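One-letter residues, chain by chain:
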Amino acid sequence: MRKIYLFLLSMVAVAMLVSCGDKETTKAKQAETPVSNLSSDDPMKAVAIVDLDSIMANYQFAIEANDELMSEAENARVNLNQKARALENKMAEFQKKVDNNAFLSQDRARSEAEKLQREQQSLEEQSNQLGMKLQDKQLDLSAQLQDSVDNAIKLLNTDGKYALVLSKSALSGNILYSDPALDITNQLIDLLNERYSKK
């Protein structure tokens, strides 16, 4: 849904830019004036592009957050695997006892089977809880990242040079081509890292 909304928003913005004034004058003005030279009193404000993949790869906060999340996920996976192996061993031991009629009574065997089922359910619940916890943390970190990017874009655009800042990404890109002169990703990454290092 968000991708469709962003695509439609992009299309509306492009349509507005195209419909502003004479098409040939607009094209000529765009060709003559690089994005970096547009001023806030320009009748046609600039459109800028931000590459989200580059931000994820070069913004120190994004790198650290991703590393932390991956480390936490790996630790949880290792912990759950250890518990699952221990439970499998208990179940194998239980099956051997059943096969060898080692239980003194049916009630004792049933009690042991119920205990193993409770352990298995508990392990599944732990796995689900850890998955939800990691998902919540990922959503929180994504919100922090989005907030950082939004604030940095506002700082970059204090002069009002950009009327529209679009994002592109390999996974969710609606922008199939953009003039490299429109790309402000490196400026944004520098500002993000500068602000992050001051924290």
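The structure displayed is predicted, hence computed values, not measured ones.

1. Structural notes on the overall build of the chain
Looking only at helices and strands, one finds six helices and two strands in the chain. Mapped in sequence order, the helices and strands of the chain form the string α-α-β-α-α-α-β-α. Looking at the 199 residues of the chain, the share that counts as buried comes to 25%. By sequence separation, contacts in the chain at least 24 residues apart represent 80% of the contacts at least 6 residues apart. Accessible surface for the chain amounts to roughly 14000 Å². Of this, 52% is attributable to carbon and sulfur atoms.

2. A few points about a positive patch on the surface
Residues Lys97, Arg108, Lys115 and Arg118 make up a contiguous surface patch of positive charge. If you tally residues by element for the positive patch, the top one is helix 5 (residues 106–156), at three residues. Here arginine 108 is to be found in helix 5. The class for arginine 108 is partly exposed, based on a relative accessible area of 48%.

3. Side note on helix 4 (residues 60–99)
Side chains of residues three or four places apart in an α-helix project in the same direction, reflecting 3.6 residues per turn. Compared with the 58 Å implied by 1.5 Å per residue over 40 residues, the 58 Å span of helix 4 between its first and last C-alpha is a close match. For helix 4, the set of buried residues is Phe61, Ala62, Ala65, Leu69, Ala76, Leu80, Leu87 and Phe94. Where helix 4 is buried, its residues touch helix 3 (52–58), helix 5 and helix 6 (185–197). Following helix 4 by one or two positions, asparagine 101 adopts a phi angle in the positive range, close to 50°.

4. Some points on the packing of aromatic side chains
What the rule picks out here adds up to four aromatic pairs. Arranged with centres 5.9 Å apart and planes meeting at 50°, the rings of tyrosine 59 and phenylalanine 61 form a pair that is tilted. Neither tyrosine 59 nor phenylalanine 61 differs from the other in exposure class; each is buried. Relative to phenylalanine 103, the ring of phenylalanine 94 lies with its centre 5.5 Å away and its plane at 50°, an arrangement referred to as tilted. Here phenylalanine 94 falls in the buried class, since its relative accessible area comes to 14%. The buried category is assigned to phenylalanine 103, whose relative accessible area is 17%. In this structure an aromatic cluster arises from ring pairing among Tyr59, Phe61 and Tyr196.

5. Some thoughts on the packing of helix 4 against helix 5
Here helix 4 crosses helix 5 at 175°, and the two axes come no closer than 11 Å. What the angle tells us is that helix 4 and helix 5 run roughly antiparallel. Here the contact of helix 4 with helix 5 is built from residues that sort into 19 nonpolar, five polar and eight charged.

6. Some words on the environment of alanine 113
Along the chain, the position of alanine 113 falls in helix 5. The class of alanine 113 is partly exposed, set by a relative accessible area of 25%. Residues alanine 113 and phenylalanine 94, spaced 19 residues apart in sequence, show a C-alpha to C-alpha distance of 7.7 Å.

7. Some words on helix 6
Relative to the 18 Å expected for 13 residues at 1.5 Å per residue, helix 6 spans 18 Å between its end C-alpha atoms, a close match to the ideal helical length. Considered for burial, the residues of helix 6 that qualify are Thr185, Leu188, Ile189, Leu191 and Leu192. Down the axis, helix 6 shows its buried residues gathered within 165° of arc, on one side only. Across from the buried face of helix 6, at angles greater than 90 degrees, the exposed residues are Asn186, Asp190 and Ser197. Tucked into the core, helix 6 has its buried residues touching strand 1 (46–51), helix 3 and helix 5.

The rules behind each value
- Residues numbered from 1 in each chain as written.
- Predicted model: local features only at pLDDT ≥ 70, side-chain atom pairs only at ≥ 80, totals over all residues.
- Heavy atoms only, no water.
- Helix = DSSP H or I, 4+ residues; strand = E, 2+ residues; numbered from the N terminus.
- Buried < 20%, exposed > 50% of the residue type's maximum accessible area, 1.4 Å probe, protein only.
- Contact = heavy atoms within 4.5 Å.
- Areas by Shrake-Rupley, 256 points an atom, 1.4 Å probe, with all protein chains shown as cover.
- Patch = residues over 30% accessible without salt bridge, like charges linked within 9 Å, V, L, I, M, F, W, Y side chains within 5 Å.
- Salt bridge = Lys/Arg side-chain N within 4 Å of Asp/Glu carboxyl O.
- Lys, Arg positive; Asp, Glu negative; His and termini not counted.
- Charge placed at Lys NZ, Arg CZ, Asp CG, Glu CD.
- Expected span 1.5 Å × (residues − 1).
- Phe/Tyr/Trp six-rings, centres within 6.5 Å; stacked < 30°, edge-to-face > 60°.
- Axes fitted to C-alpha atoms, helices over the stretch in contact; angles between N-to-C directions.
- Parallel < 35°, antiparallel > 145°, perpendicular 65-115°, else oblique.
- Nonpolar A, V, L, I, M, F, W, Y, C, P; charged D, E, K, R; others polar.
- Arc of directions from axis to C-beta.

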